[in-house]
Amino acid sequence: MQTRKQNKILKKKINPWKWAFIVLLALILATGAFIWLKVTMPSNDQIQIQKSATQLIKAQQTADIDVSMNKEQLNAAINYYLAKKEKKGIKYRFLLDKSAILMGTTKILGKDVSFTLYTQPKLDKEGNIMLKAKSVAIGSLNAPPSFILGYIKGNYDLGQGVRINTKKETITLDLNKIVEKQGLTVKGQELDLNKDKFLFKVSIPLE
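**Observations concerning the environment of D64**
Turning to its location among the elements, D64 is positioned in strand β1 (residues 62–69). For D64, a relative accessible area of 43% puts it in the partly exposed group. For the pair D64 and V202, spaced 138 residues apart in sequence, the C-alpha separation works out to 5.7 Å. Those residues in contact with D64, other than ones at most four positions away along the chain, are K201, V202 and S203. A distance of 2.7 Å separates polar atoms of two side chains, one belonging to D64 and the other to S203.

Spelled out as structure tokens, the structure:
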């Protein structure tokens, strides 16, 4: 009799439904934790892709874009820069035709005097546009190119984007200083007046 009573008491204490619920809950929690771990943990392929992307970004600090322009577009861009740097008493206009022509008007002894500088454009080693002076007309008078270049350089500030070398009789358009955008660099790739093709590479920093 005593043994039967003890078994009944033991069965009441054990309560199989309670333990079954606990085991089921544990299985659900373990399964949920396993799924969460799998979701948050990248696969081997994803790890390799991420490493490759990181290495690529480190190796390539910039994204390069090729920009193609024609004479009209390049004229507009250069004239926009010259207009921003224009000072009272002198006006510049740039024209690309069979050659590159810089036209200007200045005051000499209180009178407006026009000049026209004919140049041959090419790209220098840095990819900037270099204008090699060929001839100059001041009014109807022909003059040495070095004369008008020296006059412009000595009397007017065209900004850091334009460099004048009177000895070599050249005007260099520094594209990076003309653009003046954060981190952007511009380099000329092709300059062909006959084909009306002007190709530039624009580098955009990735960081």
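Additional details are given in the paragraphs that follow.
**A closer look at empty space enclosed by the protein**
Evaluated as defined, the whole model comprises two cavities of 30 Å³ or more. Its boundaries defined by the atoms lining it, the largest cavity holds a volume of some 90 Å³. Mapped by element, the contributors of at least two residues to the lining of the largest cavity are α4 (71–85), β2 (90–96), β7 (162–165) and β8 (170–173). Taken as a whole, the second largest cavity spans an internal volume of roughly 40 Å³. Taken together, L74, I78, F94, L96, P121, I129, L131, L191 and F198 make up the lining of the second largest cavity. Listing elements by their share of the lining of the second largest cavity, those giving two or more residues are α4, β2 and β5 (129–138). Looking at the lining of the second largest cavity residue by residue, the class counts come to nine nonpolar, no polar and no charged.

**Side note on the nonpolar core**
Judged by nonpolar contacts, the single largest core of 35 residues is most densely connected at L74, Y92, F94, L117, I171 and F200. A per-element tally of this core places β5 first, with five residues. Residues in contact with F200, not counting those within four places in the same chain, are I65, D66, V67, M69, L74, I129, L175, V186, K187, G188 and Q189.

**So, helix α5 (residues 145–155)**
Buried within α5 are the following residues: P145, I148, L149 and I152. End-on, the buried residues of α5 take up no more than an arc of 100°, which puts them together on one face.

**Here we look at the pattern of salt bridges**
Applying the stated criterion across every chain, the model contains two salt bridges. D174 is paired through a salt bridge with R163; the nearest N and O atoms lie 2.9 Å apart. Of the two residues, D174 is situated in the loop between β8 and α6 (175–179) and R163 in strand β7; the sequence distance between them amounts to eleven residues. Take R163: its relative accessible area is 37%, and that puts it in the partly exposed class. E190 is the partner of K197 in a salt bridge, and the nearest nitrogen-oxygen pair spans 3.7 Å. In this structure K197 comes out as partly exposed when scored by relative accessible area, which is 36%.

**Things to note about unusual backbone geometry**
Within the chain, E169 stands out as a residue other than glycine whose phi angle is a positive 55°. Take E169: it is sitting in the loop between β7 and β8. The phi dihedral of D196 is positive, around 55°, even though this residue is not glycine. Inspection of the secondary structure assignment puts D196 in the loop between β9 (185–192) and β10 (197–205).

**Examining the side chain of T172**
Looking at the secondary structure, you find T172 in strand β8. Beyond its immediate sequence surroundings of up to four residues, T172 is in contact with D124, N128, I129, M130, G161, V162 and R163.

**Looking at the environment of Q189**
Along the chain, Q189 turns up in strand β9. Note on Q189: relative accessible area 38%, which makes it partly exposed. In sequence terms Q189 and L199 are ten residues apart; their C-alpha atoms lie 5.3 Å from each other. With near-sequence residues (within four places) excluded, Q189 lies in contact with L123, L199, F200 and K201.

Basis of the calculations
Residues numbered from 1 in each chain as written. Predicted model: local features only at pLDDT ≥ 70, side-chain atom pairs only at ≥ 80, totals over all residues. Heavy atoms only, no water. Helix = DSSP H or I, 4+ residues; strand = E, 2+ residues; numbered from the N terminus. Buried < 20%, exposed > 50% of the residue type's maximum accessible area, 1.4 Å probe, protein only. Contact = heavy atoms within 4.5 Å. Polar contact = N/O pair within 3.5 Å; in protein donor to acceptor, adjacent residues only side chain to side chain. 1 Å grid on protein atoms, 1.4 Å probe; cavity = no way out; pocket = protein on both sides within 12 Å on 5 of 7 lines; lining within 4 Å. Points joined across faces, edges and corners; volume = space filled by probe spheres on them. Nonpolar A, V, L, I, M, F, W, Y, C, P; charged D, E, K, R; others polar. Core = buried A, V, L, I, M, F, W, Y, C linked by side-chain atoms within 4.5 Å. Arc of directions from axis to C-beta. Salt bridge = Lys/Arg side-chain N within 4 Å of Asp/Glu carboxyl O.

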